[in-house]
Amino acid sequence: MAERVRPLVITIDGPAASGKGTLARRLAWHLGLRHLDSGLLYRATALRLRCAGEGATNVTAAVAAAAAVTEADLTDAALRQPAISGLASEVAAIPAVRTAVLALQRAVASTPPGAVIDGRDIGTVVCPDATVKLFLDARPDVRAARRAADHPDSDPATVAAELAERDRRDTVRAVAPLAVAPDATVIDTSALDAEAVFAVALAVVRRKAGLEP
Ligand code: C5P
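The following paragraphs examine the structure supplied in this document. This one's a predicted model, so the numbers in the text were calculated from it and none came from an experiment. (Residues numbered from 1 in each chain as written. Predicted model: local features only at pLDDT ≥ 70, side-chain atom pairs only at ≥ 80, totals over all residues. Heavy atoms only, no water.)

This brings us to the site of the ligand. Surveying the vicinity of the ligand reveals 15 residues, the closest of which are Arg43, Arg98, Asp121, Arg166 and Asp170. The side chain of arginine 98 places a nitrogen or oxygen atom 2.8 Å from an oxygen atom of the ligand. Protein contact buries 97% of the 450 Å² of open area that the ligand shows by itself. The cavity that encloses the ligand is the largest pocket. For the shell around the ligand, the secondary structure elements donating two or more residues are helix H2 (39–51), helix H4 (82–91) and helix H9 (156–172). Element by element, the count of residues in the shell around the ligand is highest for H2, at 3 residues. Taken together, the residues of the shell around the ligand sort by class into 4 nonpolar, 4 polar and 7 charged. (Near = heavy atom within 4 Å. Polar contact = N/O pair within 3.5 Å; in protein donor to acceptor, adjacent residues only side chain to side chain. Areas by Shrake-Rupley, 256 points an atom, 1.4 Å probe, with all protein chains shown as cover. 1 Å grid on protein atoms, 1.4 Å probe; cavity = no way out; pocket = protein on both sides within 12 Å on 5 of 7 lines; lining within 4 Å. Sits in = over half its atoms within 2 Å of the grid points. Helix = DSSP H or I, 4+ residues; strand = E, 2+ residues; numbered from the N terminus. Nonpolar A, V, L, I, M, F, W, Y, C, P; charged D, E, K, R; others polar.)

This part covers the environment of aspartate 118. Among the secondary structure elements, aspartate 118 is positioned in strand S3 (residues 114–119). Counting along the chain gives 27 residues from aspartate 118 to valine 91, while the straight-line C-alpha distance between them is 18 Å. Setting aside anything within four residues of it in sequence, one finds aspartate 118 in contact with Ile12, Lys20, Gly21, Ala24, His35, Leu36, Asp37, Ser38 and Gly39. A polar atom in the side chain of aspartate 118 sits 2.7 Å from the side chain of histidine 35. (Contact = heavy atoms within 4.5 Å.)

Residue proline 113 is reached from proline 112 by a cis peptide bond, and omega for that bond is 5 degrees. As for its position among the elements, proline 113 is in the loop between helix H6 (102–109) and S3. Phi at alanine 17 takes a positive value of approximately 60 degrees, unusual for a residue other than glycine. On the secondary structure map, alanine 17 appears in the loop between strand S1 (8–13) and helix H1 (20–31). Residue classification places alanine 17 among the buried residues on the basis of a relative accessible area of 10%. If you check the backbone angles, alanine 176 has positive phi at about 45 degrees while not being a glycine. As for its position among the elements, alanine 176 is in the loop between H9 and strand S5 (185–188). For alanine 176, a relative accessible area of 10% puts it in the buried group. (Buried < 20%, exposed > 50% of the residue type's maximum accessible area, 1.4 Å probe, protein only.)

The following block contains the structure:
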């Protein structure tokens, strides 16, 4: 009988603007794996909810919005708007919203040859058996400066305050809070550029996944 090859799953968790997205895209491309930015699922839920004229206090509407999210939703440029970031972190604190988007994430993870998935709870909740778990972090001032550079028309102090509030909400929530999985490798990206983060992460992935250099 043919041996079943287990998909290679790499999880990258961490706070906002820690460099997860850039690293996930690069690793996925380099290793020939799919990339899923799980934050987009919560952003798409938030966008659908806002388009329905509702807010996160309407739990029924939020869960219906999450259940309606498909991969086709994830390319909408409006998902990156700062207003959607805040609403995404509010809907992400609703347990039934998280349940509604779980199957899509696990389907991506279980499809060969595998995937790189970035988010907040991927190594802890979504893919606890992942091949390699990374956790990216950076000092709050560094992350705020990076996010402000992404939104040059916004006030840097407002960007920093919104980032801090989102991190706080993501860390204290009761369900699937932002946390380092016990078997994750932590990479502090404060003093590293994208190239250096990629080099460090690739070395960890090769070692943990037993890949040839
Ligand atoms: O990663 P990104 O900043 O796009 O995520 C937007 C929001 O979605 C986060 O602030 C967080 O509240 C939520 N999120 C989550 N779990 C994930 C990914 C994102 O709760 N795995």
